[in-house]
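Now for the letters of each chain:
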Amino acid sequence: NDSIIRVLQLGIDFVGKTSLIMSLVSEEFPDEVPLRAEEITIPADVTPERVPTHIVDYSGNTHLICESTAMTDCYEINKVTSHWIPLINDRTDKDSRVPLILVGNKSDLVEHSSMETILPIMNQYQDIETCVECSAKNLKNISELFYYAQKAVLHPTGPLYCPEEKELKPSCIKALTRIFKVSDLDNDGILNDNELNFFQRTCFNTPLAPQALEDVKNVVRRNMTDGVKDNGLTLKGFLFLHTLFIQRGRHETTWTVLRRFGYDDDLELTQEYLFPMIKIPPDCTTELNHNAYLFLQSVFDKHDKDRDCALSPDEVKDLFKVFPYMPWGPDVNNTVCTNDQGWITYQGYLSQWTLTTYLDVQRSLEYLGYLGYSIIYEQESQAAAMTVTRNKRIDLQKKQTQRSVFRCNVLGARGSGKSGFLQAFLGRNLQRQRQIREDHKSFYAISTTYVYGQEKYLLLHEVIPDFDFLSEADLACDVVCLVYDVNNPRSFEYCAKVYKQYFIDSKTPCVVIAAKSDLHEVRQHYSLSPHEFCRKHKLHPKDIYTRLTTMAMYPLESLRNVLIFKRKAVFFPMKITLNECHARLRCMCACNRCTYCLCQNLLKLELLRSIKAQLRRVVFNRHMAQADLKNSTFWLRASVGATVFAVLGFAMYRALLKQR
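Residues numbered from 1 in each chain as written. Predicted model: local features only at pLDDT ≥ 70, side-chain atom pairs only at ≥ 80, totals over all residues. Heavy atoms only, no water.

Colleague: Tell me about the overall build of the protein chain, and name the residues and values.
Modeller: Each helix and strand counted, the protein chain has 26 helices and 20 strands in total. Relative to its full complement of 660 residues, the protein chain shows a buried share of 50%. Sequence separation of 24 or more characterises 71% of the internal contacts of the protein chain that already satisfy a separation of 6 or more. Of the roughly 34,500 Å² that the protein chain leaves accessible, carbon and sulfur atoms contribute 52%. (Helix = DSSP H or I, 4+ residues; strand = E, 2+ residues; numbered from the N terminus. Buried < 20%, exposed > 50% of the residue type's maximum accessible area, 1.4 Å probe, protein only. Contact = heavy atoms within 4.5 Å. Areas by Shrake-Rupley, 256 points an atom, 1.4 Å probe, with all protein chains shown as cover.)

Colleague: Let's hear about a negative patch on the surface: which residues, and what values?
Modeller: Together, E27, E28, D31 and E32 give the surface a local cluster of negative charge. Within the secondary structure, E28 is located in the loop between α1 (17-26) and β2 (40-42). (Patch = residues over 30% accessible without salt bridge, like charges linked within 9 Å, V, L, I, M, F, W, Y side chains within 5 Å. Salt bridge = Lys/Arg side-chain N within 4 Å of Asp/Glu carboxyl O. Lys, Arg positive; Asp, Glu negative; His and termini not counted. Charge placed at Lys NZ, Arg CZ, Asp CG, Glu CD.)

Colleague: How would you summarise the packing of aromatic side chains if you had to cite specific residues and measurements?
Modeller: In the structure shown here, the tally under the stated rule is 18 aromatic pairs. Centroid distance F180 to F238: 5.6 Å. Interplanar angle 55 degrees. Geometry classified as tilted. Of this pair, F180 sits in helix α5 (residues 170-183) while F238 sits in helix α8 (residues 235-247), placing them 58 residues apart in sequence. Like F238, F180 is buried. (Phe/Tyr/Trp six-rings, centres within 6.5 Å; stacked < 30°, edge-to-face > 60°.)

Colleague: Tell me about helix α7 (residues 210-223), and please be specific about residues and values.
Modeller: The end-to-end C-alpha distance of α7 is 21 Å, a good match for the 20 Å that 14 residues give at a rise of 1.5 Å each. Taken together, the buried positions of α7 are occupied by L213, K217 and V220. Buried residues of α7, viewed axially, fall in a sector of 55 degrees; they line one side. Turned more than 90 degrees from where α7 packs its buried face, Q211 and R222 sit exposed. Where the residues of α7 are buried, they touch α6 (193-204), β9 (228-229), β10 (232-233) and α8. (Expected span 1.5 Å × (residues − 1). Arc of directions from axis to C-beta.)

Colleague: Tell me about unusual backbone geometry, and name the residues and values.
Modeller: Of note in the backbone geometry, N231 takes a positive phi value of approximately 60 degrees without being a glycine. Judged by relative accessible area, which is 37%, N231 ranks as partly exposed. A positive phi is found at D283, a non-glycine position, where the angle reads about 60 degrees. Residue position: D283 is located in the loop between α10 (271-274) and β11 (286-288).

Colleague: I'd like a rundown of the pairing of strand β1 (residues 5-10), residues and numbers included.
Modeller: Of all 6 residues that make up β1, 5 are buried, and the element is covered over most of its length. Two elements, β1 and strand β3 (residues 53-56), share 4 bridges in a ladder whose sense is parallel. Bridge pairing in β3 places R6 opposite H54. (Pairing = 2+ DSSP bridges.)

Colleague: Residues and numbers for the environment of P43, please.
Modeller: Looking at the element boundaries, P43 is found in the loop between β2 and β3. Among the residues examined, P43 registers a relative accessible area of 43% and is labelled partly exposed. Considered as a pair, P43 and T53 are 10 residues apart in the sequence and their alpha carbons are 6.8 Å apart.

Colleague: How would you explain the pairing of β3 if you had to name every residue and give the values?
Modeller: Burial of β3 is two-sided: the residues T53 and I55 facing one way and the residues H54 and V56 facing the other way are all buried. Sheet analysis places β2 next to β3, joined by 3 bridges and oriented antiparallel. In the sheet register, I40 faces β3, and the bridge partner there is I55.

Colleague: So what about helix α9 (residues 251-260)? Which residues, and what values?
Modeller: Where α9 is concerned, the buried positions are H251, T253, T254, W255, V257 and L258. Considering only its buried residues, α9 is in contact with α4 (142-154), α5, α6 and α8. Downstream of α9 by a residue or two, G262 has a phi angle that is positive, lying close to 100 degrees.

Colleague: Go over the pattern of salt bridges with me, naming the residues and quoting the values.
Modeller: Counted by the stated rule, this structure contains 16 salt bridges. Note that K441 and E438 form a salt bridge whose closest N and O atoms lie 3.2 Å from each other. Between K516 and D485 there is a salt bridge, and its shortest N-O distance comes to 3.8 Å. Linking K516 in the loop between β19 (510-515) and α21 (530-537) with D485 in strand β18 (residues 479-485), this pair joins segments that are 31 residues apart in sequence. Residue K516 is classed as partly exposed on the basis of its relative accessible area, which comes to 24%. You can call D485 buried: its relative accessible area is 7%. The structure contains a network of salt bridges with shared partners spanning K181, D318 and K321.

Colleague: Go over a nonpolar patch on the surface, please, and point to the residues and values.
Modeller: Together, V640, V644 and L648 give the surface a local cluster of nonpolar side chains, amounting to about 270 Å² of exposed area. Inspection of the secondary structure puts V644 in helix α26 (residues 626-659). On the basis of relative accessibility, which here comes to 46%, the residue V644 falls in the partly exposed class.

Colleague: Any details on the side chain of Q423? Residues and values, ideally.
Modeller: By the element assignment, Q423 lies in helix α17 (residues 418-425). The exposure class of Q423 is buried, given its relative accessible area of 6%. Here R428 takes part through its side chain, which lies 2.7 Å from a polar atom of the side chain of Q423. In contact with Q423, not counting residues within four places along its chain, are N334, R428, Q433 and I436. (Polar contact = N/O pair within 3.5 Å; in protein donor to acceptor, adjacent residues only side chain to side chain.)

Colleague: Could you give me a rundown of the confidence of the model for the protein chain, with the residues and numbers involved?
Modeller: Here the protein chain shows a mean pLDDT of 79. Residues at 70 or above account for 77%. Looking across the protein chain, the model is least confident in strand β20 (residues 570-571), with a mean pLDDT of 38, and most confident in helix α14 (residues 361-371), with 97. The low-confidence segment residues 69-73 (pLDDT under 50) makes 22 contacts with residues lying over four places distant or belonging to another chain. Every residue in residues 537-542 scores below 50 in pLDDT, and together they form 14 contacts with partners more than four places removed in sequence or on other chains. (pLDDT = per-residue confidence, 0-100.)

Colleague: I'd like to hear about the packing of α1 against α4, residue by residue, with values.
Modeller: Interhelical geometry of α1 versus α4 gives an angle of 100 degrees and a closest axis separation of 9 Å. By the criterion of interaxial angle, the relationship of α1 to α4 is roughly perpendicular. Between α1, through L20, S23 and L24, and α4, the contact on the second element is made entirely by I142, S143, L145 and F146. Across the contact of α1 with α4, the residue classes tally to 5 nonpolar, 2 polar and no charged. (Axes fitted to C-alpha atoms, helices over the stretch in contact; angles between N-to-C directions. Parallel < 35°, antiparallel > 145°, perpendicular 65-115°, else oblique. Nonpolar A, V, L, I, M, F, W, Y, C, P; charged D, E, K, R; others polar.)

Colleague: A description of the environment of N141 should follow, citing residues and the corresponding values.
Modeller: Following the sequence through the fold, N141 ends up in the loop between β6 (128-133) and α4. When its relative accessible area of 28% is taken as the criterion, N141 is described as partly exposed. In sequence terms N141 and L24 are 117 residues apart; their C-alpha atoms lie 9.9 Å from each other. With residues near it in sequence (within four places) discarded, N141 still touches V132, E133 and C134.

Colleague: I'd love a proper account of the packing of α8 against α9, names of residues and values included.
Modeller: Packing of α8 against α9 brings their axes to within 6 Å, and their N-to-C directions diverge by 130 degrees. Taken together, the axes of α8 and α9 lie oblique to each other. Residues H242, F245 and I246 of α8 touch α9, and the partners they reach there are H251, T253, T254 and V257. Here the contact of α8 with α9 is composed, by residue class, of 3 nonpolar, 4 polar and no charged.

Below, the structure written as structure tokens:
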């Protein structure tokens, strides 16, 4: 990560430290050698690793230490273990020790090699990266010496491999296991040829030839029985290959893989990888873009092994094995849609990711980093998965928005039914709500609604009641929902006071919900009855959640209604009977991806709903005026066309079903 490498040479006088430096620079043995060489910089363009290198005889801040000894003196060799290594260890922290290289100089003066003496020392001390025999006079291994010096700094062996045990260290195994799982695109525990080629191209920018792939697998087959399965590389085989690379001195291969997947020298994911820069202007929100949803869909399909469009607890654990911790707690199951077994459905899975991105984009970037989004989709960073919406004021001016996520803050007195309102949005009745443990409750609920045929996410946030103080986060939303208990005479008073103090002059649309209508309704201790007000203005929405999303999308239209009817707020007496709360009609898979789900969503369009309402009006109202008759004729024609379209769509669905 540093822009320069500093190398310190240690050794007693007259072992050839200065001669090594002078021979490297001048490429010849100097006739006169100074007592100490000045600091010398090797430019980046003449080094194999393209990194500038400073070489000094001594320094207080170094990346690597070269201990030079004379090959002719056994005393000097013994001095390495008795003096220099203990001295270095005493002067450096245990967690920040620099790598060492043993350099045997003056090899031209002896006829035998001293490697048999040096190797036991190297095996004894883990900080020693390598040993080099050289001769400054004959220029033997001079350039190789400083190449190994660069290599020891940029690609150290210590964090990867334990020479005593002759195996990878646990931290290295953990990092490589995550890399294997990210590269295993179909989650079958095997890297097939396509996945191996993708991995090779990702890390080294070039694919492997078919024969090279077979050669790699044959090497694994010869050394272990379970390294190759179904002509694919298993995790054990993958780890064995990297062990072999390191043992053969090619640890730069393993480091290239690790750094491509975001790891630093301590085998931790870097902050730059997990948290890339993303600018979010004021009054803007963050959403996942289309490519991000496609990636998350592939991750879901990858781990949904039983193909039931839901993630079981074991499948959720398997999905998050690439994380250092479990990101989703038990409250997530009460935040999004689940099936009858309480497992997170496909819709709930995407909703939770949408919620995380909206509330905490940095955490969403981190999660996508663990899953390897930027690597699999070949993007510069996870920031490419995010869409920053335009300023809300611009949406108000243009009376249109491209946003897909809208926030509704739910306020009300304690016990007014806010939690029940949130859970009813997820299709849970009172019986299922009673089974939720207190420590598993969630203050959020998010799911999809359809506004004029467009799928939007509605995020409900239950605000803890505190009339004296509501923070900016409590007030920052697209629509406000004020909930009161029809069985509590003082419940509506809280809603009215909150509205007058915080929202009467704001541009945020407000809705009042009468909850617990299955209980006895009592008179509210307030000057104006919400029921009388609603009956007077005939405000009876059919689908409160769709209405909330519509008001969030088109706040100006909602505020115009406020000015016409009351000049204060729109009150909707939505009767929520928790025993009768049911989810919308959907197929058994609840995936919103199959043909049946698409047909159901089509039938839920606002146009068809309005057509059905007009049809009822024509049938039951026989004494219509002439103008109404003309309008009804138009609606009859439209309804016939819609019916023909629906029949054709159902026929196509049946045909597709037979093909399956």
